Amino acid sequence: MTDAMQQERETVRTALRFHNARLIDGTGATPVDDAVVVADAEGTITYAGPAATAPDDTTPTKTVDAGGRTVLPGFFDCHVHLAYAQGSPPGRRAELDPVLVTLDTAARMRQTLDAGITTARDLAGLSAGYRTAVETGRIVGPRLHTAVRIISHTGGHADVRLPDGTDLSAGMSEIADTADAARLAVRRVLREGADVVKVCATGGMGSPYDQPEDEGLLEEEIRAVVDEARRHGGKPVAAHAQGNAGILNAIRGGVTSIEHGYGLDERALELAGERGTFVVPTLSTVYAGINKDTMPDHHYQKKIRWSGLTKENIARAIEYGARIALGTDAAVGPHGVNLMELSYLVDLGMDPMAAIVAGTRTSAELLGVADRLGTLAAGRTADLIVCDGDPLTDIGVLGDPANIVCVVQDGVIRKDLLLPGATTGRQP
């Protein structure tokens, strides 16, 4: 079978019925044993619950025996950088053939989908064309929201120019040093199709000119960004924010989410709770993103200095009950093992079921799509995965893509290691 024929086969829609499943629906409710999930040919769930009350199947349906495995909603990764290979500095992309960049990016997107991520938010580096390519079936990958570029001040986290002014960002950065310039930067990224606006509220780990505790855009500049995003359809604003001073500026400025949040203190947690601000901890950058052999020394030294503090502060955020969504910062850490992030949340004190909710329903709330994604219930879009093992007793099973034996996106089976157990036709 040619690749084109395989692609065509993968996008054929048919009604689906999963049975003999253990259902974790993404709401935090008690799992349902001997469950059935049914989706119609348009990719909408029509039933998700106990087999005893499942409707009779009267239409031609592809029936899949889950073999007692766990069925969960398709997961989200709310912080990825799909345009970059792991550990590759942003400036390197400018040295590569753009065709190879495109093909490698598409491969990473497929790898991410196969890991159980049916929706991803790319927070700089990925053009809106990739989102359209997924929507129109040109390529297979997670449903995408993209920031396109990052808004930073001169010398800030996203300023990757050399001292002589040579720009190594390959189009990743927007430099803004005043409130008016920040407004213009928002207009430019929205003109290019951004779904979300990203700002740098602090310095960062990988940037050579600053420290994570340094402040980035001023509070008044962040307010200008948030207001400009509001004026253009109410786009959300994500803030790269690591040190606590910048975190507070970002929350007070009205951002939707704090990305990383390594320096969160109790005052910031209280303010985030009052404002409904989400926190995306990206623990993969701490647990799996530190490699002395591949990282510049300035990056490595900052990571080492901050790793213990990060774990302490995110553990406090979990205990506090912060509104945590799942994100990995893939590219800083590895691509294609995104759900290892769940294990890191659990390691810092989160209950396994709560970690699953963070990666499904809460992440859907952050992206503004909870009315159709993030939970398995009638009327929701049929995004789901089937996994080997019990994630409530060993959350780590979700982090190994080999255990993600089936991935369904918009009612289309994208990955199927259950094929021998599948049948097609009318069911009694």
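Computed from a prediction, not measured in an experiment: that's the story for all the values here.

J.: What is the right way to look at the sheet that holds strand β7 (residues 117–122) in this model?
T.: The pairing of strands in a sheet happens through backbone hydrogen bonds and is either parallel or antiparallel. Pairing is parallel in the open sheet, where three strands are placed in the order β6-β7-β8. Only two strands of the sheet have a single partner each, and these edge strands are β6 (75–80) and β8 (143–146). Each strand of the sheet is rotated relative to its neighbour by a mean of 15°, with strand direction disregarded. Two elements, β6 and β7, share four bridges in a ladder whose sense is parallel.

J.: Would you explain the domain arrangement of the chain in this entry?
T.: Interface size, as often reported, equals the accessible area lost upon joining of the parts. Here the domain parsing of the chain yields domain 1 (10–74 + 375–416) and domain 2 (75–367). Taking only C-alpha atoms, the centre of domain 1 and the centre of domain 2 are 30 Å apart. Domain 1 puts 28 residues into the contact, and the matching count from domain 2 is 26 residues. Between domain 1 and domain 2, roughly 2100 Å² of surface is buried when both sides are summed, and carbon and sulfur atoms account for 64% of that area. It is Gly74, Ile395 and Gln409 that lose the most area in domain 1 upon contact with domain 2, and together they represent 25% of the buried surface on that side. Counting across the domain 1 and domain 2 interface gives two salt bridges. Of the charged contacts in the structure, one is a salt bridge between Asp410 and Arg143, with a shortest N-O distance of 3.0 Å. If you look at where domain 1 meets domain 2, you find nine residue pairs in polar contact (both at pLDDT 80 or more). Residue assignment for the side of domain 1 that touches domain 2 shows that the elements contributing at least two residues are β5 (70–73), β16 (404–409) and β17 (412–416). Considering each element in turn, the side of domain 1 that touches domain 2 owes the most residues, four residues, to β16. Tallied by class, residues from the side of domain 1 that touches domain 2 come to 14 nonpolar, nine polar and five charged.

Scoring rules and cut-offs
Residues numbered from 1 in each chain as written. Predicted model: local features only at pLDDT ≥ 70, side-chain atom pairs only at ≥ 80, totals over all residues. Heavy atoms only, no water. Pairing = 2+ DSSP bridges. Helix = DSSP H or I, 4+ residues; strand = E, 2+ residues; numbered from the N terminus. Axes fitted to C-alpha atoms, helices over the stretch in contact; angles between N-to-C directions. Domains from an automatic or database assignment. Contact = heavy atoms within 4.5 Å. Buried area = accessible area lost by both parts, 1.4 Å probe. Salt bridge = Lys/Arg side-chain N within 4 Å of Asp/Glu carboxyl O. Polar contact = N/O pair within 3.5 Å; in protein donor to acceptor, adjacent residues only side chain to side chain. Nonpolar A, V, L, I, M, F, W, Y, C, P; charged D, E, K, R; others polar.

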